[in-house]
Structures are given as structure tokens and as C-alpha cells.
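Residues per chain are reported as follows:
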Amino acid sequence: MVFSSLVFLLGFLPALLLVYFLIPARFRGLRNLVLLGASLFFYWWGASKLVLLMVLSILVNYLGGLLAGQADRRLARFGVIFASAVGLGLLGWFKYAGFLAQTIHNLGFAVPIPQVTLPIGISFFTFQGLSYVIDVYRGDAPIQKNPLNVALYVALFPQLVAGPIVRYTTVMAEIAHREENLPEFAAGVTRFCFGLAKKMVLANSMGQIADGIFNQTAANLDPGLAWVGALAYTFQIYFDFSAYSDMAIGLGHMFGFRFLENFNYPYISRSVTEFWRRWHISLSTWFRDYVYIPLGGNRCSRLKHMRNIFVVWLLTGLWHGAAWTFVLWGLWFCLLLLGEKFLWGKYLEKLPSLIRWAYAMFAVILSWVLFRSVDLGQAWAYLGAMFGQTTGLAQDGQALYYLLQFWPEWALALIAFLPVKRWAQSWLEARGSAGQAVALWVPRVLALGLLALSYLELVTGSFNPFIYFQF
Amino acid sequence: MKKSKWADWLVVIGFLGFLALALAVTLVRPKSGWSYYENRNLARPAELSVETVLDGTFPASVEPVLQDHAAGRNILMKLSAWADLHLFHRPVVNEVVPSDGMLLGFNAYETPDPAVIHNQAQAMAGQLAQLRDVVEGYGGHFYYVAVPGQYTYFSDSYPDFLNSREAYTALEIPAFTQAMEEQGVNLLDMGPVLDQLGKPKEYYSLADYHYQFEGAYVTYRAILEELNRDLGLDLTVLDGDSLTVETLPNPYLGSRGRKIFGLENCGEHLTIGLPKDPIPFTRADNGAETAATVYAMPATGTEDVLYSLYMGGDVGETVIETNRPGLPSILIYGDSFTNPVECLAYYSFDEMRSIDLRHYKDRTLADYIQTYQPDIVVGIRDYEALLSTDFNGSPFQIQP
């Protein structure tokens, strides 16, 4: 099930809210049980019998957590190894077996290529479960003896299939004791409505453009059209993914959970390093805390430091997808980050902000071409088309069509990637009581307007993919 | 109560109220199986059973059903189209291009490949030559008529950045003409005929893919005159003296206008032509006798009329008998472009059969012709369908 669906908005969410809030707050366990049941139903609705895989993942992480928290360090280590082996083993089979077999096959070895259905959100719930076991092992979190609480942590529907990757330490206290109240609920509703509209109005429109262009033969695209497609995908992936995070965070608020922010206006970054501090924060901090630092981080020789960065970005690329395009995408960022750290970073800082921003966006846009392409051949041809290596057969006004047809969405996108909301809020709050009243009422009224607009888009539109589900 | 609390209540009540209202209206709203403006069946849920629930079929079928039956859907679709047309002025709205006071069709961007088009033209001409051989095998005569569609007729009216298919048509027509010449199949291309007449605007619909009555009449006349000339016949050709032409007062909702919910109809009306000296005839559709009319006349003078006014729309097989054995019989086959031509053509024949390739699936066209052996067989296809074997475009195959 996806948040931007009528099944969710008109069926699942109202029914859950009704049942959940009919239970008095003092019956916290019962409320949690309802939330868990709803979360499993939410996953089952889209994944069908693959829900059993998630239940297995929960069970493994629960047992792993029990072992990881033992005073006997050998047993504790076994708990981590057990949970990691099973969790990553399942992830490896479902996500990477086909890729691996295909690669071996391409090398000339006759191996069967397994046809495996990728369970939605497997990368998210695997990483989330592992973080619980590792945190328990490290002593950062206590053992959770109640399996239902571990299950709720892993399966909690707002962040289940597309993040943010919530750490156990972030929500462990809230699972046991949290307060659902009006201001939190209202803030959640407002955040959810903004996220929903961001998805329905901006991400979907940009997705239509990107799909329309990327689905053509890349070598035929004229440079203008290729750039329009790359820009559209740049906007689509941001609005799509950050919208999902907005909705997840908003839903979390409604049920008394405070998830950490996952995006912080990444497209205003003035370096690639800054971009990765602002983009998919929960993933980059996960890799930082569970891979980069354990490998030694930057407190080691330069060569090992570089190796650590390389490993993290190789894994980041692979986490996003089982394809060479994702590997290359990760390595592209690895190179840029190494370059900024050891070569041109200090020179970059001396350049005007606009040039630094242009550099960062150029690097990011090129990376999304790799990310969006179905294979390296398409990526290469598409990048070639962007820089004039094209047959130019498609010089037929398409670029202008995509700009004119979607001009309201382009205009909105150009505003929405900037921290306009933050600027407006600061500006209004500095204007005394009148400004504060506007800052109080306008976002809420706007949220309801956006809900109506999203409903219109849901009812009248047919293009509504969630691209981060594949990860 | 503090102001912030009022604001919080507003958003919470507004949110929950909106969802509750939308859900309630969706549930109690009378259900229809058909969307008139979209011209399609609305989604229905999969059968509810343990099996469909467990394999995910039922859950997957619910969202499209909710979308199709959601509260306020028709109004919202109309509102959305209105905003796209009048507020945002998008160049394309629901695959319709509002331009030059017309509603043109949006053509997907394409890179026409001369070799592919050449091969398709050769293949289609080859099949038509075989069909001609079938007809001539029992002593009949075969003619093929190519008519421009709206995008060709009004190609100049497309904005430069949209695809008018000029490049495709410029390759398609010469390739097809040459291939038909090589095969020796009679081809009447209405493109040059209409060009010679100066391409009057009123000959083609401004809000529909088809021609207007005037364009259809010119086509009808060109066919009949060619038959008389080639075959030495003396078929009656209805003209200004023998035909009463009447324009209906009803607004014409063309297929393009329909796609944008009738928000624009270009002020068009439909015209019919009635013989001043009518003849009795019987009509059977798909084997069942039906009213002896060729126009599906509206009940009132105000309701919208559709292109289905002509021959009552698309019917798999229609047979009109005028019981005049001295006259030849004719089979006209094709798609909706044949309909207004048939409204006039029956008058000149003893028997007129009509096959809509998209709907007739009892046997192949070649088998049908062999079975009934009409004296004259005329295929009418528009430029878009000319080389296509889709929708039973191949005379020797039936597609499911």
C-alpha cells in the first residue's frame, strides 16, 4: 500500500485512526498491538505472502537482539553475526542473486539466473532491524524482551517501505511511553498534506517528463531534451523520496512518534560533501555509524581512510540497486568526495557560492542519469546526448513541449527545492503578532487546500509510481 | 482557547472531515459501469475469494475501483480539464491539442524510419493484392480508398513543437501509393482530391478525428464516380438535386471535445443527407433485423450528438437490402470512416454490406468476401490505419 492512494487515505488511515484512538491511552500495549496489526496489514496489502519474509526478519532480529545483549561477549557476537548473516543473506538472495548470476553468466559461465521477486522495502527493514541488534550489542540500547515491540519497531507502517531508516534508539522510548496530543497530531497532518501534495503534484509530473524522455533511444536525444529529462528526474527523485519522508514523519507525529529528518534541502548544497549531509540523512548516517566508523573512519592512515570511503560508497551504490549503474553511481560519489577531501575541496571553498552550487548540482544531475538509466549502455549514450554526442534525430520540439506542458510544475519545483518555507516563516515571525498569526494559520489552511488538490490528482490521474519502493 | 489550538483543531477537523466525507460519498454514490466522457468501462473489483485475497489479486483491484468511483470524480475531472485549458493553457489537455480554434489529437513524438515504412507499405499492398485476387476470382471488383485523418487535414494548425505527423505522412503515402501501383491494386487517395478542392475547413471536423459530412460526401462521390467510370456502371450518385442536406441544431460532441468533457466543442454541428426520393430498405446489424434507418437521430434538438449519428455508430456487420436485383451489391469495409459514406452509398446498390474490422470477428475478411461474393468491395482506411494490421487490419487473419 502506498500513502498516495485512495485505499490508504479513505480506508486504511481513517479506520486505523478510529480504532487506535478509541483505545484509551493508558492501554499502551493494546494501542501498539493495533498499530502492529495495521502495519502488517499495510505491508501485506502490497506484498501479499512476502509479508512472511518480514515476519521472519523481525523474529531473527528479536532473537539476535536477545543474544547481542548477553554479558557473554562470544554469545553477543554470535547474536550480531546471526542477525547479520540471516538479514543480509535474505537481502542478498532477494535483491542481488539475480544480478550476481547475470554477471557470472555474462562472463561466460553457464549458471542459472534465478527469477526472484524483490520484496518492497527489504533494504529499509533489513537495515533497521540490524541497527537494533548492533545497538544492543554495543550497549547503546537495552534488550527489548517484548517481541511485539521489536516487531512494531521494524514494521511500523509510516517508515516501513521507503524510510526514513529509523534507529531503535530514536523510538525505543516512544514505543513504551509516548504522548499523542493535538499539537503533534495537527503538525503531523500538516506535514503529511504537504508531503502528499509534493508527491502528487510535483514528483508525478516530473516523473512523467523523465519517463517520457528516458524511455526514448538515448542516442537520438538532442542535448536540450536530454538535459530536460535529466533535470526532471533530478526533481522527481527528490520530490518523490522527500515527499515519502514528509508523509512518514507526519504520520509518525499523528501516532506520537518523532522520526528524525531525512532531507534538508539537498539541492542548495554547495559541494557534494554538503549534499550528502542533506540527502537521505538516515541512510548516510547508518553507513557512517555501522560501516565507516567501525572500519576506522578518518582516524587512520590516508590510504585506509580512502579505502573506508570507497567501501561505504560501493555499498551505498549497491544498497540502491543490483545493477552496475548503481555501483558506478556510488563510485562517482566516492571519487567526488575523495576529490573534495584531498584535492579540490580547499579551492572550492574559495569560489563564489553560486559557482560552488553549480558545481555540486552538475555533479548531482550527472549522478541521477546513472541512477535512472537501465544499464551502462543507456547511461553512456544519455550522458553523450547531454554533451552533444547524438544523432539528433529527435530534434522535434519535445524539449519545448515538456517545458510548456508542465510549466506550472516546473515553476513550483524551482520554488519548492529552495527553503522558501523556512525563509517565509522566519520573515513572518520577525513581523510581530500579525506575522505570527499568518505563520500559524496559513500553513494549516494551505495544508487542507493541498489535501484537496492531492485528492483531485489521485482521482483524475493515472501516473503515480513511488520510485524509492524498489530499494 | 489559544489561537494555536484553534488552528490545530481546524487542520485536524478539516483533514479528518475531508477523508470521512470523501469516503462516505464514495460509498453511497450510485455506481455506474460506464464513463461517458472517457468512453470506457469503469474498473470493477476482482471477485472476492480466499484465493484472490491470498494471491493479491483482490487487493490490487481495489485502488482502480476507488479511483473510478471516487466522490466527485466527474466534477473533478472536468475542473482539472478546465484549469488545464483556461488557467494553465497547457498545449495538450487530455491528449487534445487546442489550437487555431480546433481540437486536434496529440500525436506521440516519433522518428519515422523510411525503411520500416517502405516494408510496411509493401506488406500491406501485398495483402491487399491477395484480397483483390480473391474478389476478382469470382468476378468482383476491388477498390481501396485512403482518407486523411484530422491530423493530416489540419497539419498546419499544430504548434511547431508538436508532432503533426507530417514527416510520417510524407513517407507513408508515397510508399503506399507506389506499392499499390506495383501490385496493380485500385487506390483512390482522397488527399490529392481534397487538396484540389482547396481543403475547405468545413470538410473535416474541428473537434473530432473524422471528416464532417461534407468530407464524407466528397469521398462517397469520388468512389461512386470512379466505379461508374471504371466499370461502366450507371450507379446513382446523390447530388444537390437529389439530396436534402440538413444540419442538426444539436451541439456536436466530437471525440476530442468529449475527451475534455465538452468544455469546448468549436461550435460544430453535424449534417445529414437524405435522398429526396427515398427508397424502402431493410437493415440487419450482426444478423439481427433492426430499424431501417441510417441515422441515429437525437430525441431532442438540444442534446449532444456524437459521430455515432452516422449508421448508429460502429457495428461489426451491417446489411442493408434495397431489393433491387438489377443493381450490383457492395461491401464496404474499414472502420468508423466508412459510416457517413454508407449513409449515402446504400442508395445506389441492391445490397450493401458493411464490416467494421475492429468489431467483426466471426471470420476473416477474405472468408467473408468469399462467402457473400459482393460485386464490388471497397476498403476505406484513414492515413493512420493505412499500414497497420492492428484491429483486424490484415484481411487474412482474425485478431482476438
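Note that this is a predicted model, so its numbers are computed, not measured. (Residues numbered from 1 in each chain as written. Chains lettered and ligands numbered in written order. Predicted model: local features only at pLDDT ≥ 70, side-chain atom pairs only at ≥ 80, totals over all residues.)

**Some words on the environment of A:G69**
Residue and element names in this part refer to chain A. Locating G69 in the fold gives a position in the loop between α3 (51-68) and α4 (73-106). With 20 C-beta atoms packed within 10 Å, G69 lands in the buried category. Beyond its immediate sequence surroundings of up to four residues, G69 is in contact with A76, V136, P142 and I143. (Helix = DSSP H or I, 4+ residues; strand = E, 2+ residues; numbered from the N terminus. Buried ≥ 20, exposed ≤ 12 C-beta atoms within 10 Å, placed from the backbone. Contact = placed C-beta atoms within 7 Å.)

**Some thoughts on the packing of helix α14 (residues 324-343) of chain A against helix α16 (residues 353-372) of chain A**
Residues and elements named next belong to chain A. Taken N-terminus to C-terminus, the directions of α14 and α16 make an angle of 160 degrees; their axes are 8 Å apart at the nearest point. On the basis of the axis angle, α14 is roughly antiparallel to α16. For α14 against α16, the interelement crossing comes out right-handed. Contacts between α14 and α16 involve T325, L328, W329, W332, F333 and L336 from the first element and A363, S367, L370 and F371 from the second. Residues belonging to the contact of α14 with α16 are distributed by class as follows: eight nonpolar, two polar and no charged. (Axes fitted to C-alpha atoms, helices over the stretch in contact; angles between N-to-C directions. Parallel < 35°, antiparallel > 145°, perpendicular 65-115°, else oblique. Left-handed = near helix turned anticlockwise from the far one by under 90°. Nonpolar A, V, L, I, M, F, W, Y, C, P; charged D, E, K, R; others polar.)

**Some words on the domain arrangement of chain B**
Residues and elements named next belong to chain B. Taken domain by domain, chain B consists of domain 1 (1-25), domain 2 (26-105) and domain 3 (114-382). Each of domain 2 and domain 3 has a C-alpha centre, and the two are 32 Å apart. Residue-level contacts link 21 residues of domain 2 with 20 residues of domain 3. Mapped onto the side of domain 2 that touches domain 3, the elements with two or more residues apiece are α4 (73-87), β3 (96-99) and β4 (102-105). Grouping the constituent residues of the side of domain 2 that touches domain 3 by class yields 13 nonpolar, five polar and three charged. (Domains from an automatic or database assignment.)

**Brief notes about the nonpolar core**
Of all hydrophobic cores here, the largest spans 234 residues; its most connected members are A:A155, B:F176 and B:A345. The greatest single-element share of this core, amounting to 19 residues, is contributed by helix α10 (residues 223-254) of chain A. Ignoring any residue separated from it by four or fewer positions in sequence, one finds A:A155 in contact with A:L36, A:S39, A:L40, A:Y43, A:M54, A:I58 and A:L160. (Core = buried A, V, L, I, M, F, W, Y, C linked by C-beta atoms within 7 Å.)

**As for the domain arrangement of chain A**
All names here are of chain A. Once the domains are mapped, chain A shows domain 1 (6-178) and domain 2 (184-470). Just the C-alpha atoms count here: the centres of domain 1 and domain 2 sit 26 Å apart. Each side of the interface is counted separately: domain 1 has 25 residues, and domain 2 has 24 residues. Elements supplying a minimum of two residues to the side of domain 1 that touches domain 2: α4, α5 (122-138), α7 (157-160) and α8 (168-176). Its residues assigned to classes, the side of domain 1 that touches domain 2 shows 15 nonpolar, seven polar and three charged.

**As for the sheet that holds strand β5 (residues 141-147) of chain B**
What holds strands together in a sheet is hydrogen bonding between their backbones, with the strands either parallel or antiparallel. Residue and element names in this part refer to chain B. Across the sheet, which stays open at both edges, the eight strands sit in the order β6-β5-β14-β12-β13-β11-β9-β10 with mixed pairing between neighbours. Edge positions in the sheet fall to β6 (187-189) and β10 (288-290), since each has one partner strand and no second. When the angles between neighbouring strand axes are averaged without regard to direction, this sheet yields 20 degrees. In terms of strand pairing, β5 meets β6 through three bridges, oriented parallel. Residue pairing for β6: Y144 is matched across the bridge by L187. Strands β5, β6 and β14 (376-382) of the sheet are contacted by helix α9 (residues 213-231), whose axis makes an angle of about 150 degrees with β5. (Pairing = 2+ DSSP bridges.)

**A few points about the interface of chain B and chain A**
The interface of chain B with chain A comprises 38 residues on the first partner and 39 residues on the second. Broken down by secondary-structure element, the contributors of at least two residues to the side of chain B that touches chain A are α1 (3-28), α3 (57-69) and α4 of chain B. Ranked by residues supplied to the side of chain B that touches chain A, first place goes to α1(B) with 16 residues. A breakdown of the residues in the side of chain B that touches chain A according to their chemical character gives 22 nonpolar, eight polar and eight charged.

**Some remarks on unusual backbone geometry**
Residue and element names in this part refer to chain A. Of note in this structure, Y265 is not a glycine but carries a positive phi near 45 degrees. Along the chain, the position of Y265 falls in the loop between α10 and α11 (272-278). Taking the C-beta count within 10 Å as the criterion, Y265 has 17 such neighbours and is therefore assigned partly exposed. With phi around 40 degrees, H280 is a residue other than glycine that occupies positive phi space. Locating H280 in the fold gives a position in the loop between α11 and α12 (281-292).

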